[in-house]
Amino acid sequence: MKRIIILLLVAALCIPLVSCKEEKKSENKVISNILFLGDDLMETSRVYEYFEQLCHINGKSSVSIDHYTLEDARMYTYADMCESDEDFREHVSKADVILFQEGSAETKTTVESFTKILEYANDPIVVCISYYGYPRWLHRNIFLESHPEFRYADSNTVVGGILTPENAPVGYEHLYHEDYIHPNELNGYIVSLICYSKVYNIKPASIKWQGIEENEGLLINSPCSNTQELKDLLSLLSEQVNKHIN
């Protein structure tokens, strides 16, 4: 009986040690190649472009950003591409970070498909992006057992927090194209801040963003008429992201 108790105690002590080891490895990981995977929602938001701008502004200009954003793609689309597309397979294998957005919140095949993708990868940091309207729990809950190390760029919660207060700087209509389905670049900027904070494990308040307001794409559907107004809005949004991120 004593031997069994000792073994159980040893096993219990090893669990936090393994967890700490994984966290330390993740924090010390050298990030050279980042890969975004998604569908046309990611494409219209241009989140990967704003993420790349944040990398340059924050002194990480040597980081390579790649993206695959096929219309109506699902993670099973990319799982199949790992087998059939040599170029794509190479991008997956060299990625230090993979950020993905599952099309239309598909969940039935997501775990199986992304697990298959990881078979071709080299132990990357993985970040799941949830756009506004797609709660984080949709994916977090299904990954808890199989991939507890995944991180979550929970833009659904953050954007919801920006839209709900009185005198909110933006409304839903400012963050989407005229179809009210596809996120625009202002939305992509917000999501890029959250993604950046999750990839590099830092608070949004520590992220330098000045210079992004020069991008005219951010004016699409935004409540701004000139660069200064846009700069003021982005400053407000950066504060809101920092306030609501978890």
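Structure: see above.
Basis of the calculations
Residues numbered from 1 in each chain as written. Predicted model: local features only at pLDDT ≥ 70, side-chain atom pairs only at ≥ 80, totals over all residues. Heavy atoms only, no water. Helix = DSSP H or I, 4+ residues; strand = E, 2+ residues; numbered from the N terminus. Buried < 20%, exposed > 50% of the residue type's maximum accessible area, 1.4 Å probe, protein only. Contact = heavy atoms within 4.5 Å. Areas by Shrake-Rupley, 256 points an atom, 1.4 Å probe, with all protein chains shown as cover. Phe/Tyr/Trp six-rings, centres within 6.5 Å; stacked < 30°, edge-to-face > 60°. Lys NZ or Arg CZ within 6 Å of the ring centre and 35° of its normal. Arc of directions from axis to C-beta.

**Q** Sorry, what's going on with the overall build of the chain here?
**A** In terms of helices and strands, the chain carries ten helices and five strands. Within the chain, buried positions represent 47% of all 246 residues. Across the chain, contacts joining residues at least 24 apart in sequence account for 76% of those joining residues at least 6 apart. As presented, the chain carries roughly 12600 Å² of accessible surface, and 51% of it is formed by carbon and sulfur atoms.

**Q** Any chance you could explain the packing of aromatic side chains here in plain terms?
**A** To describe a pair of aromatic rings, you give the distance between the ring centres and the angle between the ring planes. With the rule as written, the count across this model stands at 14 aromatic pairs. A connected cluster of aromatic rings, assembled from ring pairs, spans Phe36, Tyr48, Phe51, Tyr196 and Tyr200. Lys60 extends its terminal NZ or CZ atom over the ring of Tyr200, reaching a point 4.5 Å from the ring centre.

**Q** Help me understand helix H4 (residues 75-84) in this model?
**A** Every α-helix carries 3.6 residues per turn, so stepping three or four residues along brings you back to the same face. Among the residues of H4, Met75, Tyr78, Ala79, Met81 and Cys82 are the ones counted as buried. Buried residues along H4 cover an arc of 160 degrees about the axis, so they all sit on one side. Away from the buried face of H4 by more than 90 degrees, exposed residues Glu83 and Ser84 are located.

It is worth stressing that arrangement in space is one thing and function is another; only the former is reported here.
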